[in-house]
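Structure assessment
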Amino acid sequence: QVGSALFVHEFEEGINFRDAALELGLIIESSCAGIGTCAKCKVIIQEGANLPTKVEERLLTPKEISKGTRLSCQALLQGDSVCVIPQESQLFGDQ
């Protein structure tokens, strides 16, 4: 979900949310090119992702993680997934 726009698409299970967004033409902020060092690609995962990685546990606060904030380059889709891309993580303008 981006703003009020909702995208529905089938992806290969195990793809990260950053790459899934790219498949939809949506670019998520990331100065590290998705290698998990900048923590700028924050998204909110509402369902359907792996557990937070050690990288995320190092770069995100426990409060962020408890609210579903994840790094899109680290969070992997698992089954039906719901992801919100906050405005501060968007590089693609309003949809």
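Here's what I pulled together on the structure shown here.

**Regarding the overall build of the protein chain**
Of the regular secondary structure elements, the protein chain holds three helices and three strands. Reading the protein chain from its N end, one meets helices and strands in the order α-β-α-α-β-β. With 95 residues in all, the protein chain has 41% of them scored as buried. If you take every contact in the protein chain between residues at least 6 apart in sequence, the share linking residues at least 24 apart comes to 66%. Carbon and sulfur atoms make up 50% of the accessible area of the protein chain, which amounts to about 5,700 Å² in all.

**A few points about unusual backbone geometry**
Phi angles above zero are rare outside glycine, and alanine 33 is one such case at about 60 degrees. By the element assignment, alanine 33 lies in the loop between helix H1 (17-23) and strand E1 (42-49). For alanine 39, which is not a glycine, the phi torsion comes out positive at approximately 60 degrees. When you line up the elements, alanine 39 lands in the loop between H1 and E1.

**What to know about a nonpolar patch on the surface**
On the surface, Leu22, Ile27 and Leu91 cluster together to form a nonpolar patch covering roughly 260 Å² of accessible area. With respect to the helices and strands, isoleucine 27 occurs in the loop between H1 and E1.

**Topic: the nonpolar core**
Phe17, Ile28, Val43, Ile45, Leu71, Cys83 and Ile85 are the most contacted members of the largest nonpolar core, which totals 17 residues. Sorting the residues of this core by element identifies H1, E1 and strand E3 (77-84) as the ones contributing at least two each. Looking at this core, the element that brings in the most residues is H1, giving three residues.

**Considerations on the environment of glutamine 90**
Within the secondary structure, glutamine 90 is located in the segment after E3. Distance from glutamine 90 to isoleucine 27, taken between C-alpha atoms, is 6.5 Å for residues 63 residues apart in sequence.

**Here's the deal with the pattern of salt bridges**
Throughout the structure, instances matching the rule amount to three salt bridges. Between aspartate 19 and arginine 18 there is a salt bridge whose closest N-O contact spans 3.8 Å. By relative accessible area, which is 31% here, aspartate 19 ends up partly exposed. Glutamate 64 is paired through a salt bridge with lysine 42; the nearest N and O atoms lie 2.8 Å apart. Pair noted here: glutamate 64 is in helix H3 (residues 62-66) and lysine 42 is in strand E1, with a separation of 22 residues, a long-range link. We classify lysine 42 as partly exposed; its relative accessible area is 25%.

About the thresholds
Residues numbered from 1 in each chain as written. Predicted model: local features only at pLDDT ≥ 70, side-chain atom pairs only at ≥ 80, totals over all residues. Heavy atoms only, no water. Helix = DSSP H or I, 4+ residues; strand = E, 2+ residues; numbered from the N terminus. Buried < 20%, exposed > 50% of the residue type's maximum accessible area, 1.4 Å probe, protein only. Contact = heavy atoms within 4.5 Å. Areas by Shrake-Rupley, 256 points an atom, 1.4 Å probe, with all protein chains shown as cover. Patch = residues over 30% accessible without salt bridge, like charges linked within 9 Å, V, L, I, M, F, W, Y side chains within 5 Å. Salt bridge = Lys/Arg side-chain N within 4 Å of Asp/Glu carboxyl O. Core = buried A, V, L, I, M, F, W, Y, C linked by side-chain atoms within 4.5 Å.

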